[in-house]
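Commentary on secondary and tertiary structure
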Amino acid sequence: MFKSLTKMKVMLAILYMCIVSLLVIPSRFQVVLPGDTSLMTDQVYIEDHTISHISSIYVISYEPITLFQSIILNITQQGSVFLPSESTEILTLAEKYNAAQIQKQSSYIISTIVAYEKAQKDITYAFDGFGVTSLINEKRTIQIGDVITSINGIVLTQSTDFNQFANVQTLTIQLVRDNKKLVVTHERQPLDLPLALYPMFSLIEATPNISFPGLSSTIGGPSGGVMMTLAIYLAITEQLYDARIVGTGTIQLDGSIGNIGGLVEKYRTVKEDMDIMFVPENQVHLLIEYEDERIVAVSSIDDVIHYLDTHDAFVD
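Overview of the structure. (Residues numbered from 1 in each chain as written. Predicted model: local features only at pLDDT ≥ 70, side-chain atom pairs only at ≥ 80, totals over all residues. Heavy atoms only, no water.)

Thoughts on the side chain of Lys266
Among the secondary structure elements, Lys266 is positioned in helix H6 (residues 263–270). Residues within four places of Lys266 in sequence aside, it is in contact with Ile57, Tyr58, Val59, Ser223, Thr248, Ile260, Gly261 and Met277. (Helix = DSSP H or I, 4+ residues; strand = E, 2+ residues; numbered from the N terminus. Contact = heavy atoms within 4.5 Å.)

Right, dumping it as structure tokens:
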């Protein structure tokens, strides 16, 4: 009898530990869930011009989740559960936040440049270098937020081909960190991770004058670029619309639209309250199961403008 009770207690203890492991101990998994929309009226201000009620979409990223949470989320299919890349996994939460803010800052200025040039408005700007949004190693030789200005004596430009440094063993990097100019020497190692770099610009002058209250918000990342570009363009060309327009996609200096993460979750965020959703053409296949005619695939800001012009989305 005593042995049976002891065995039962051991089994219960093991069961308890298993349950605790599932409920409490974090896994390596990360989840992306539907989020909300962000009005461009809250993100950008243009003197004497009206910003249209256009919205970008953001999702909620949560990590680390427990094994139990990952099981439930996979069963209910309420979000996308995945293992983050090694480059992402070594970042602290603070570093991830800072990286997303750098991406947003880069995106805002690029959006402005593209929109003003598309509208043939006066704008002058300067290229500052490439902002770092990932780590090359856990020693943090190069840090999140550094702005790299030259490598091995070669001054970087917005069109720099980084392949020229692919087989160089020693990198002498000039950068700006916390408003201080530094020189960092990095010896390549077999386990080095690739750097993620975003072009950084200073806006010198723009007519009409523009500012970005949204830079102080906690929402980060570059995926609002296409909608920011559209909002600025409509404002400075004095066009209005009578449709609920949402969208997602990065923007490049040539006006092309790039891929983003969490597209399915972004669609689920807005599907009940939108008329048009612009998405990157290269990713529209991810939404094919929804058969939603309101989804519009675009590859450039020209595609976005042309679609609105030809579908009577504007009103005086």
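Re the nonpolar core
In this structure, Ile46, Leu230, Ile232, Ile245, Phe278 and Val304 are the most contacted members of the largest nonpolar core, which totals 42 residues. For this core, the elements supplying multiple residues, two or more each, are helix H4 (93–118), strand E10 (197–206), helix H5 (225–236), strand E16 (276–280), strand E17 (295–298) and helix H7 (301–310). Counting residues per element, this core draws most heavily on H5, at ten residues. Residues within four places of Ile232 in sequence aside, it is in contact with Val44, Ile46, Ser111, Thr112, Ala115, Tyr116 and Ile210. Judged by nonpolar contacts, the second largest core, of twelve residues, contains Val270, Met274, Leu287 and Ile295. (Core = buried A, V, L, I, M, F, W, Y, C linked by side-chain atoms within 4.5 Å. Buried < 20%, exposed > 50% of the residue type's maximum accessible area, 1.4 Å probe, protein only.)

With respect to the packing of aromatic side chains
Counting across every chain of the model gives eight aromatic pairs. Ring centres of Phe127 and Phe201 lie 5.5 Å apart, and the angle between their planes is 65 degrees; this geometry places the pair in the edge-to-face category. Placement of the pair is Phe127 in strand E5 (residues 123–132) and Phe201 in strand E10, with a sequence separation of 74 residues. Relative to Phe162, the ring of Phe130 has its centre 5.1 Å away and its plane inclined at 80 degrees; by these criteria the two rings are edge-to-face. (Phe/Tyr/Trp six-rings, centres within 6.5 Å; stacked < 30°, edge-to-face > 60°.)

Here's the deal with unusual backbone geometry
Peptide bonds are, in most cases, trans, and in most cases residues other than glycine have a negative phi. For the peptide bond that leads from Thr207 to Pro208, omega is 5 degrees, which places it in the cis range. Mapped onto the elements, Pro208 comes out in the loop between E10 and strand E11 (210–211). With a phi angle near 65 degrees, Asp48 is a residue other than glycine that sits in the positive phi range. Relative to the elements of secondary structure, Asp48 occurs in the loop between strand E2 (45–46) and strand E3 (55–62).

Some thoughts on the packing of H4 against H5
Two elements in contact, H4 and H5, have axes separated by 8 Å at closest approach and are oriented at 40 degrees. In terms of axis orientation, H4 runs oblique to H5. Of the two elements, H4 crosses H5, and the hand of that crossing is right-handed. For the pair formed by H4 and H5, the contact residues are Ser107, Tyr108, Ser111, Thr112, Val114, Ala115, Tyr116 and Lys118 on the first element and Gly225, Met228, Thr229, Ile232, Tyr233 and Ile236 on the second. (Axes fitted to C-alpha atoms, helices over the stretch in contact; angles between N-to-C directions. Parallel < 35°, antiparallel > 145°, perpendicular 65-115°, else oblique. Left-handed = near helix turned anticlockwise from the far one by under 90°.)

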